[in-house]
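Next come the chains, spelled out residue by residue.
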Amino acid sequence: MATVELRFSAQPEHVRTARLVAAAVARRAGVDEAVLDEVRLAVGEACSRAVGLHRSHGITAPVRVMLSEEEKTFSIEVGDEIPAAGGGGSHAAPGAREAGDADLDSDGEDEMMGLAVISGLVDDVEVTSTEDGGVIRMSWPTTPATIAP
């Protein structure tokens, strides 16, 4: 079970690097070549969303990306440092503002659009949020490497 951890400052220019690393690790883990574009796009959306949340909330902590290879699955977790509204638990969107917040404008719509894009790209996606921050967990099946005789 190999794990790669990537942390980067919340700058948009680092999202491309995260996408490239995710695609390379996914390929090595055995994710089907036909799915690698979906992996790149989903990671790009998740990382862009985390960068946007950090920047809009003035958080200087790095965005976290964990890439894990398990027996038949490759998973990616993209974490932000935005605490859940109301103190924890699982929410539809990490960092979502409370319903009464009058500041829910195009930024909130962008967050939800990013989650919709990710859900369309990834069959197995889970979004959680706690008082420590939010995590988008995505996973794809892998095929075992065949060894030539």
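Residues numbered from 1 in each chain as written. Predicted model: local features only at pLDDT ≥ 70, side-chain atom pairs only at ≥ 80, totals over all residues. Heavy atoms only, no water.

Visitor: Whenever I open this one, the nonpolar core confuses me. Can you help?
Guide: It is characteristic of soluble globular proteins that their nonpolar side chains tend to be buried jointly. Formed by 32 residues in total, the largest nonpolar core has its most connected members in F74, I76, V78, M138 and W140. By residue number, the principal contributor to this core is helix α2 (residues 36-56), which donates eight residues. Not counting residues up to four positions away in its chain, the partners in contact with W140 are V31, V35, V39, A42, K72, T73, F74, I76 and V122. (Core = buried A, V, L, I, M, F, W, Y, C linked by side-chain atoms within 4.5 Å. Buried < 20%, exposed > 50% of the residue type's maximum accessible area, 1.4 Å probe, protein only. Helix = DSSP H or I, 4+ residues; strand = E, 2+ residues; numbered from the N terminus. Contact = heavy atoms within 4.5 Å.)

Visitor: What's the story with the sheet that holds strand β1 (residues 3-8) in this structure? I'm lost.
Guide: Pairing between the strands of a sheet is mediated by backbone hydrogen bonds and can be parallel or antiparallel. The strand order across the open sheet built from five strands is β1-β2-β3-β5-β4, with neighbouring strands paired in antiparallel fashion. The sheet terminates laterally at β1 and β4 (124-130), the two strands that pair on one side only. Sheet twist, expressed as the average angle between the axes of neighbouring strands with direction ignored, equals 15°. In the sheet, β4 pairs with strand β5 (residues 133-141) via seven bridges, with the strands oriented antiparallel. (Pairing = 2+ DSSP bridges. Axes fitted to C-alpha atoms, helices over the stretch in contact; angles between N-to-C directions.)

Visitor: How should the pattern of salt bridges be read in this particular structure?
Guide: Pairing between side chains of opposite charge can happen when their charged atoms approach one another. If you walk through the whole model with that rule in mind, you get seven salt bridges. Among the ionic pairs, D37 bridges to R40, the shortest N-O distance being 2.4 Å. Placement of the pair is D37 and R40 together in helix α2, with a separation of three residues, close to one helical turn. Notably, a salt bridge pairs E81 with R64, separated by 2.6 Å at the nearest N-O pair. Of this pair, E81 sits in the loop between β3 (73-79) and α3 (106-121) while R64 sits in strand β2 (residues 63-69), and the two are 17 residues apart along the sequence. Via salt bridges that share partners, E70, E77 and R137 belong to a single interconnected network. (Salt bridge = Lys/Arg side-chain N within 4 Å of Asp/Glu carboxyl O.)

Visitor: Looking at this structure, how should I read the packing of helix α1 (residues 15-29) against α2?
Guide: Each pair of packed helices can be described by the angle between their axes along with the distance between the axes. In contact at an axis separation of 9 Å, α1 and α2 are set at 145° when each is read in the N-to-C sense. Crossing hand, α1 versus α2: right-handed. Contacts between α1 and α2 involve V15, A18, R19, A22, A23, A26 and R27 from the first element and L36, V39, R40, V43, G44, C47, S48 and V51 from the second. In the contact of α1 with α2, the residues fall into ten nonpolar, two polar and three charged. (Left-handed = near helix turned anticlockwise from the far one by under 90°. Nonpolar A, V, L, I, M, F, W, Y, C, P; charged D, E, K, R; others polar.)

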